[in-house]
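Each chain, written out:
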Amino acid sequence: MAKQTFSTLETFLIFLLLMMTAITVALLSLLFITSGTIENHKDSGFPSTQGPTVTQVSPLTSTPEPTLTSTPETTLMSTPAPTLFTNFTGYHIGVGRADCTGQVADINLMGYSKRGQNARGLLTRLFSRAFIMAEPDGSNRMAFVSIDIGMVSQRMRLEVLKRLQSKYGSLYRRDNVILSGTHTHSGPAGYFQYTVFVIASEGFSNRTFEYMVTGIMKSIEIAHTNMKPGKLFINKGNVDGAQINRSPFSYLQNPQSERARYSSDTDKEMIVLKMVDLNGDDLGLISWFAIHPVSMNNSNHLVNSDNMGYASYLFEQEKNKEHLPGQGPFVAAFASSNLGDVSPNTRGPRCTNTGESCDNANSTCPVGGSTMCVAMGPGEDMLNSTQITGQIMYQAAKELYASAFQEVTGPLISAHQWVNMTNVTVSLNSTHTAKTCKPALGYSFAAGTIDGAGSLNFTQGTTVSDPFWDNIRDQLLGKPSDEIKECHKPKPVLIHTGELSKPHPWHPDIVDVQIITLGSLAITAIPGEFTTMSGRRFREAIKAEFATYGMQNMTVIISGLCNVYTHYIATYEEYQVQRYEAASTIYGPHTLSAYIQLYKVLAKAIATDTVANLSSGPEPPFFKQLIAPLIPNIVDRPPMGKNFGDVLQPPNPKYRLGEVVEVTFVGANPKNSAENRDSKGFYWHKGLLGRSNATIEWHIPETAQPGIYRIRYFGHNRKQDLFKPAVILPFESTSSTFEVVTT
């Protein structure tokens, strides 16, 4: 590889940037908060009880609008299980959905790690969707929760388990509860405890953490309360036109004989689990499909659930007619799978400056390098692409749901262990072993992907370190040991996270491995992102292990982004060429083999009825003090002569179905509010000196009733007088009325 060179100006700018980063890290290390409070700062003025901050669109002639409220969990008492009817075949089934949106302004969005990509409003709400299944006698049960967030953090998992234990005793535990993130890259960050993710989040937001945990708990509580006798059915089918492999060069490193067994370089199969009561009435579904929710790219600033969430929205609206979005009894989760190298941007990567393809080993353009290589499509813009991809998944799931007749029956068994992933001995063959490594990120990690390139001049496929960057790293963070460099070869180590511990460890050592079986269905909870071929090898190995011990023809489901986040899991062959996914395989080249080995232990224990003999493993830490957010709270101020809520841009007098109503108000920072908004499209425009505007859009659906409407805006402004603590004051406003007509 040619040596990278820099001009004097570039070198100075890079040095300046790195020094700023070093100063930022140093400052972060000094800024601590005490966990367990709603707000990170004592003077937040966050009200103890909040009315909804609702963006409502309603006919003036209708009945009063519903009020959406959500109260943070304050009292957790042991709650007995409801009495279960036992004289039937099937499972007790409960479904629940709750809002978990959290902060929608002045917080980084989690996924792209792009500095400055902070939330500025709300496009769609985020939900936690819980599904509880129990055997007829109630002796064994499980809870699967799919959450519209980037990934589940270990801190979140531990806090949910703690609250479940406090409320339900031993009913819901580490072995029978799976928390899975959909992997939207447009959800709020700030809910992690390991330093890499805290830096990427620009601090820890206890407010967002609290609302996410509260939403997860509420969804489980609703599912628990609503349990009823029912049946489960499974169906499978291929989905075309929704995905491409974003690292085909890596995929081609896998043995040709292995690749020849598959017709595509992505997993096209969707698995749908259908839930009905004993009368055949619909209860809910879980769909697992491999696709990255990155249709909304890294230029987006609106909190939303991306393509997976849009598919859930469409399915729930179909089943919950006459209900507002996020309401109604039917719950539809589109959950993540082995999506590591799978992109929804089906038009593929092209150079944004020339329009030429950049589908090459390094994803670079002749002019502009990797930052110009971006994947687009299939729509005209990112919102249109989100809708198209979500529609494809929804339609596929709808057809599979309607034709799902294979019933799932049999015992429910759960197995779980905590494992130190930095020190797993892997049997390669009868004579050779290898070990996993302390965590480290490679050079290509900094390059990003075709779905969101990094901001510096790194490229994918880098297998040789650069003395310039190595020297900067050594000066700021210290030198990586020879041990970690040797273990990760051929990855050139950019950041030796496994050897960094200030202010807290930079990456997790202890991770969850977990399998839950319902008869011939095995749900494997994966703490990261399998690539396509990693997922295929894993499924085959676990299925074969079950068969070895008498459980034949098991359907093995990969549920991704579960319980703790550990980045990617590439195959050994993919690891050798060090594109983004391999550089982000933090435990080294034998990570996949280690996971296969660990999950085979769980499969054997389930098949041989020896789960009780499994050791729990080393319990992960829960850090008490974390880094405070970098974005401060400031006082809100209206313009001279204006008040909060004043209408700056009124609606037109009349609109047709399909048109967009847009109203702008004198606004205040949305993070002052309790994050309980029913929004059709909320855009926050941050100005100087605490001034801001709020624009609310309503895309009038074709199903809307003709009539007279208005837009209502509910907000909260932060006020602080000299030498007095800050207070949060509510305000509300209503636009002038407008008419919706059919023609």
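- As named in an unreviewed UniProt entry, the chain is Neutral ceramidase, taken from Hipposideros armiger.
- Its UniProt record gives the chain the following Sequence similarities (unreviewed entry) comment, quoted word for word: "Belongs to the neutral ceramidase family."

### Some thoughts on the pairing of strand β29 (residues 555-559)
Argument step 1. Across the 5 residues that make up β29, a large majority, 5, are buried.
Argument step 2. Judged by which residues are buried, β29 turns out to be covered on both faces: Thr555, Ile557 and Ser559 on one side and Val556 and Ile558 on the other are all buried.

### Focus on the pattern of salt bridges
Argument step 1. Counted according to the given criterion, the structure contains 25 salt bridges.
Argument step 2. We note a salt bridge from Glu258 to Arg537, for which the minimum N-O separation is 2.8 Å. With Glu258 in helix α6 (residues 256-259) and Arg537 in helix α11 (residues 532-548), this pair connects stretches of sequence that are 279 residues apart.
Argument step 3. One salt-bridge network, held together by shared partners, links Arg97, Arg129, Asp148 and Glu316.

### Some remarks on the packing of α11 against helix α14 (residues 591-607)
Argument step 1. Direction vectors running N to C along α11 and α14 enclose 30°, while the axes themselves pass 9 Å from each other. Taken together, the axes of α11 and α14 are roughly parallel relative to one another. You can see that α11 and α14 cross each other, and the crossing is right-handed. Here α11 contributes Ser534, Arg537, Phe538, Ala541, Ile542, Glu545 and Phe546 to the contact with α14, which in turn contributes Leu592, Tyr595, Ile596, Tyr599, Lys600, Ala603, Lys604, Ile606 and Ala607.
Argument step 2. Residues that form the contact of α11 with α14 fall into these classes: 11 nonpolar, 1 polar and 4 charged.

### With respect to α11
Argument step 1. Taking 1.5 Å of rise per residue, 17 residues should cover 24 Å, and α11 covers 25 Å from first to last C-alpha, within 8% of that figure.
Argument step 2. The complete set of buried residues in α11 reads Thr532, Met533, Ser534, Gly535, Arg536, Phe538, Ile542, Glu545 and Phe546.
Argument step 3. Just downstream of α11 lies Gly550, where phi reads positive at about 100°.

### With respect to the sheet that holds strand β19 (residues 412-420)
Argument step 1. Pairing is mixed in the open sheet, where 4 strands are placed in the order β19-β26-β27-β29. In this open sheet, the two strands that pair with only one neighbour each are β19 and β29. In this sheet, adjacent strand axes meet at a mean angle of 15° when their direction is disregarded.
Argument step 2. Here 9 bridges tie β19 to strand β26 (residues 510-518), and the two strands are oriented antiparallel to one another.

### A look at the environment of Pro188
Argument step 1. Mapped onto the elements of the fold, Pro188 is located in strand β9 (residues 187-188).
Argument step 2. A residue is classified by how much of its surface remains accessible, and Pro188, at 1% relative accessible area, is buried.
Argument step 3. Every residue in contact with Pro188, bar those within four places of it in the chain, is listed here: Thr101, Gln103, Ile107, Asn108, Leu109, Met110, Leu126, Thr208, Met212 and Val303.

### Observations regarding the UniProt feature "active site" (unreviewed entry) in the chain
Argument step 1. Those residues carrying the UniProt feature "active site" (unreviewed entry) are Ser343 in this numbering.
Argument step 2. On the secondary structure map, Ser343 appears in strand β15 (residues 342-343).
Argument step 3. Using a relative accessible area of 0% as the deciding quantity, one classes Ser343 as buried.
Argument step 4. In this view, Ser343 contacts Ala242, Gln243, Ile244, Arg246 and Asp451; residues no more than four positions away in its chain are not counted.

### What to know about the packing of helix α7 (residues 306-319) against helix α8 (residues 382-402)
To describe two helices that pack against each other, one gives the angle between their axes and the distance between the axes.
Argument step 1. Here α7 crosses α8 at 50°, and the two axes come no closer than 8 Å. Between α7 and α8, the interaxial angle falls into the category oblique. Between α7 and α8 lies a crossing whose hand is right-handed. Taken together, the residues of α8 that come into contact with α7 (itself represented by Asp306, Asn307, Met308, Tyr310, Ala311, Leu314, Phe315, Glu318 and Lys319) are Thr386, Gln387, Thr389, Gly390, Gln391, Met393, Tyr394, Ala397, Lys398 and Tyr401.
Argument step 2. Considering only residue class, the contact of α7 with α8 consists of 9 nonpolar, 6 polar and 4 charged.

### Regarding unusual backbone geometry
Argument step 1. Here Gly377 and Pro378 are connected by a cis peptide whose omega angle stands at 10°.
Argument step 2. Examined against the element boundaries, Pro378 turns out to sit in the loop between β17 (373-376) and α8.
Argument step 3. Cis geometry is found at the peptide bond from Lys489 to Pro490, where omega equals 5°.
Argument step 4. Tracing the backbone shows Pro490 in the loop between α10 (482-488) and β25 (493-495).

### As for the state of the cysteines
Argument step 1. Evaluated as defined, the whole model comprises 3 disulfides.
Argument step 2. Two residues share a disulfide in this structure: Cys351 and Cys365, whose sulfurs sit 2.2 Å from each other. Across the S-S bond of Cys351 and Cys365 the torsion is about -110°, and the bridge reads as left-handed. With Cys351 in strand β16 (residues 348-351) and Cys365 in the loop between β16 and β17, this pair connects stretches of sequence that are 14 residues apart. As far as the burial class goes, Cys351 and Cys365 line up, both buried.
Argument step 3. In this model Cys358 forms its disulfide with Cys373; the gap between the sulfur atoms is 2.1 Å. Disulfide Cys358 to Cys373: torsion about the S-S bond roughly 90°, handedness right-handed. In this pair, Cys358 sits in the loop between β16 and β17 while Cys373 sits in strand β17, placing the two residues 15 residues apart along the sequence. Here Cys358 and Cys373 have matching classes, each one buried.

Rules used in this analysis
Residues numbered from 1 in each chain as written. Predicted model: local features only at pLDDT ≥ 70, side-chain atom pairs only at ≥ 80, totals over all residues. Heavy atoms only, no water. UniProt positions renumbered as here; feature names shortened; annotations may be inferred. Buried < 20%, exposed > 50% of the residue type's maximum accessible area, 1.4 Å probe, protein only. Helix = DSSP H or I, 4+ residues; strand = E, 2+ residues; numbered from the N terminus. Salt bridge = Lys/Arg side-chain N within 4 Å of Asp/Glu carboxyl O. Axes fitted to C-alpha atoms, helices over the stretch in contact; angles between N-to-C directions. Parallel < 35°, antiparallel > 145°, perpendicular 65-115°, else oblique. Left-handed = near helix turned anticlockwise from the far one by under 90°. Contact = heavy atoms within 4.5 Å. Nonpolar A, V, L, I, M, F, W, Y, C, P; charged D, E, K, R; others polar. Expected span 1.5 Å × (residues − 1). Pairing = 2+ DSSP bridges. Disulfide = S-S within 2.5 Å.

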